[in-house]
Amino acid sequence: DFCTTAAGMLFTYAPEKLLAGSSLTEEYDADITAAFLERFTPENCLVTVWAPEFDDNDDGNADQKKEDVDVDGHLSSASLGEWKVEKWYGAKHRSVKISDNLVKEWSHPTDIDA
């Protein structure tokens, strides 16, 4: 499969750029990068989690369990809130606000590469 796909991509990309393919970027622009990073903040984010351990059998209102708390003692937002059903496809989901304490911690991390 890979060889067939790679051979077809030779019509679009030079052989030396074949593995990078559609991931190739244009020239680096520091101003565009800085503008993007200024907007990339905990207050301006959407976090999506897919995990089989959070299923619709959990009503979201159960008592806090040990496995619902992360290593820093934060309550996992995936264990909170009521299940909702999306109106077009019937997909079950939860929407939970990220706590102010967690936003503050993400805004000023003490150790980035831990």
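Just so it is clear, the structure is predicted and the values come from calculations on it, not from any experiment. (Residues numbered from 1 in each chain as written. Predicted model: local features only at pLDDT ≥ 70, side-chain atom pairs only at ≥ 80, totals over all residues. Heavy atoms only, no water.)

(A) Structural view of the overall build of the protein chain. Secondary structure assignment for the protein chain yields three helices and two strands. Tracing the protein chain from N to C terminus, the helices and strands come up as α-α-β-β-α. Residues classed as buried in the protein chain amount to 12% of the 114 residues present. Approximately 10,300 Å² of the protein chain is accessible, and the part contributed by carbon and sulfur atoms is 55%. (Helix = DSSP H or I, 4+ residues; strand = E, 2+ residues; numbered from the N terminus. Buried < 20%, exposed > 50% of the residue type's maximum accessible area, 1.4 Å probe, protein only. Areas by Shrake-Rupley, 256 points an atom, 1.4 Å probe, with all protein chains shown as cover.)

(B) Layout of helix α2 (residues 30-39). Among the 10 residues of α2, zero are classified as buried, and the element is accordingly described as predominantly exposed. Here α2 starts with a cap whose side-chain oxygen sits 2.9 Å from the backbone nitrogen of D31, and that cap is D29. (Polar contact = N/O pair within 3.5 Å; in protein donor to acceptor, adjacent residues only side chain to side chain.)

(C) Quick look at the environment of S99. Turning to its location among the elements, S99 is positioned in the loop between β2 (92-93) and α3 (100-107). Given a relative accessible area of 37%, S99 falls into the partly exposed group. Here the side chain of S99 touches L102 through a polar contact of 3.1 Å, landing on its backbone nitrogen.

(D) Molecular detail of the packing of aromatic side chains. Applying the stated criterion to the full structure yields one aromatic pair. Here the aromatic rings of F36 and F40 are separated by 5.5 Å at their centres, their planes lie at 20°, and the arrangement is stacked. The exposure class assigned to F40 is exposed, which follows from its relative accessible area of 61%. (Phe/Tyr/Trp six-rings, centres within 6.5 Å; stacked < 30°, edge-to-face > 60°.)

(E) Examining the confidence of the model for the protein chain more closely. Looking at the protein chain, the pLDDT average stands at 77 and 73% of residues meet or exceed 70. Of all secondary-structure elements in the protein chain, the lowest mean pLDDT belongs to β2, at 82, while α2 reaches the highest, 91. Ignoring residues within four places in sequence, the model shows residues 60-64, a span with pLDDT below 50, making eight contacts including any to other chains. (pLDDT = per-residue confidence, 0-100. Contact = heavy atoms within 4.5 Å.)

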